[in-house]
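Structure at a glance
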Amino acid sequence: MRLEDTMALKTANEYLDSMKKLSPHVYCGGKWVKNLLNNKITRSMVMANAAMYALAEDPKNKEVMVATSHLTGEPINRNLNVARNIHDLDMRQEMALLTSQTVGTCNYRCVGCDALNSLAATTWEMDRDLKTKYNENFNKWLKYAQANDLAVSGAITDAKGDRKKRPSEQEEPDTFVHLVEKRQDGIVVRGIKVSQSGAIGSHETLVLPGGALREGEEAFALAFAVQNSAPGITYICQYNAYSAEREFCEEESELGNTASGKLRRWSLTTSSFLGSGYSSAARPSTAGGWLRGSPRPTA
Ligand SMILES: Cc1cc2nc3c(=O)[nH]c(=O)nc-3n(C[C@H](O)[C@H](O)[C@H](O)COP(=O)(O)OP(=O)(O)OC[C@H]3O[C@@H](n4cnc5c(N)ncnc54)[C@H](O)[C@@H]3O)c2cc1C
């Protein structure tokens, strides 16, 4: 299912409907979660995201939650905005306050917001200095994300392995996401990202390197977007005391925050998948690259 460009902000219900069409490969508490909305724990995360969409629907939150796309001039959710002035930065901060104070848990779209801001600047500088087309590719993806008001999570933290060693020195190479193969139509990557807040309930994940990389570490210098239920991705959810409390309580009203998940950390395990689309950008470089992620299944 490919989401059609609608150029409209999604309502909370439209977000929930869009989630029903995705089928990510998710495990939580050692069990396979077939349906995110039927599992008490995963549903609480999805409902937290729905609450963020609902906040943007409310006219009194418009200045904080809605911005104007610098690419199209259309109204967009602030979580998909590239900050271009002090007012944008102020409103980004106000959004963090409003969402935390209202929903009482993470705004799971916020890491994606920060990731796309860093990519907007980095790809622009790369194109200027290296004559690449990463920013052009990035903007095509951003327009798509904005037009469909997508929830985007950020996958920056790698599993890291032995902290004293560089990515290329690790005994287990998958502790950092890396390039496996470069193909005509994209790339194959492999590796583990950890602590991806809200990745299961997002439409897309932006994957970025978790630290500065050096000459010789080009295989780790990858930045791309990948669809939530793309083949090859497995999500292993954190299961903590709050999860157990939610899973086993008889009445959800006994919980401090009934609707929205308190549980915030999710692990994303990525086995190999094919990045396709703007393959000319699928070129690793020490400064990072940009490409569009796995092929989106068409309707
Ligand atoms: C609630 C929560 C939500 C999160 N959400 C996201 C998310 O959505 N997306 C995302 O990408 N990340 C997310 N993270 C991950 C977060 O960014 C990382 O936990 C953080 O960057 C630290 O990395 P780490 O846990 O691997 O710690 P480590 O790298 O293990 O660091 C632990 C400590 O050891 C020190 N240390 C590490 N290496 C060395 C060394 N070589 N020498 C000396 N000291 C060292 C560090 O300074 C630190 O004090 C989340 C984390 C939490 C807790």
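Residues numbered from 1 in each chain as written. Predicted model: local features only at pLDDT ≥ 70, side-chain atom pairs only at ≥ 80, totals over all residues.

What about unusual backbone geometry?
Counted only if it meets this: Helix and strand labels come from DSSP, where a helix needs a run of H or I of at least four residues and a strand needs a run of E of at least two; each type is numbered from the N terminus. Using C-beta atoms placed from the backbone, we call a residue buried if 20 or more other C-beta atoms fall within 10 Å of its own, exposed if 12 or fewer do, and partly exposed for counts in between.
Phi at Lys160 takes a positive value of approximately 75 degrees, unusual for a residue other than glycine. With respect to the helices and strands, Lys160 occurs in the loop between strand S5 (152–155) and strand S6 (178–183). A positive phi angle, near 60 degrees, is found at Ser195, a position not held by glycine. As for its position among the elements, Ser195 is in the loop between strand S7 (186–193) and strand S8 (204–207). Residue Ser195 is classed as partly exposed on the basis of its 16 C-beta neighbours within 10 Å.

A short note on the site of the ligand
Stated formally: In this text, near has one meaning. A residue is near a molecule or strand if its C-beta atom, placed using the backbone, is within 6 Å of it. For this classification, Asp, Glu, Lys and Arg are treated as charged, while Ala, Val, Leu, Ile, Met, Phe, Trp, Tyr, Cys and Pro are nonpolar and the rest, including Gly, are polar.
Neighbouring the ligand are 13 residues, the closest being Ile156, Thr157, Arg163, Ser195 and Ser197. For the shell around the ligand, the residue count by class is three nonpolar, five polar and five charged.

Side note on the pairing of strand S10 (residues 233–237)
Test applied: A strand pair is defined by DSSP finding two or more bridges across the two strands.
Where burial is concerned, the two faces of S10 differ: the one with Ile233, Tyr235 and Cys237 is buried and the one with Thr234 and Ile236 is not. Inspection of the sheet shows strand S1 (residues 25–28) paired to S10 by four bridges, in the parallel sense. Counterpart to Val26 in the pairing with S10 is Tyr235.

Comments concerning the nonpolar core
Condition: Here a nonpolar core is just a set of buried residues of the types Ala, Val, Leu, Ile, Met, Phe, Trp, Tyr and Cys, joined wherever their C-beta atoms sit within 7 Å. For every residue pair, C-beta atoms are placed from the backbone, and the pair is scored as a contact if these atoms sit within 7 Å.
Counting residues in each nonpolar core, the largest one holds 65 residues, and the members touching the most others are Val26, Leu116, Ile200, Leu206, Val207 and Leu222. Counting residues per element, this core draws most heavily on helix H2 (residues 40–57), at 10 residues. In this structure, Val26 is in contact with Val33, Leu36, Thr42, Ile200, Tyr235 and Cys237, ignoring residues within four places of it in sequence.

Looking at helix H6 (residues 134–147)
Going by this rule: Each residue after the first adds 1.5 Å to the expected span of a helix.
For H6, spanning 14 residues, the distance from its first C-alpha to its last is 20 Å, which sits close to the expected 20 Å at 1.5 Å a residue. For H6, the complete set of buried residues consists of Tyr134, Asn135, Asn137, Phe138, Trp141, Leu142, Ala145, Gln146 and Ala147.

Some words on the confidence of the model for the protein
Rules: The pLDDT value tells you how sure the predictor is about a given residue, anywhere from 0 up to 100.
Counting all residues, the mean pLDDT for the protein is 83, and 83% of those residues have values of 70 or more. This model gives residues 1–5 a pLDDT under 50, and the stretch forms 11 contacts once residues within four places in sequence are excluded. In the predicted structure, residues 262–266 sits below a pLDDT of 50 and forms 24 contacts with residues beyond four places in sequence or in another chain.

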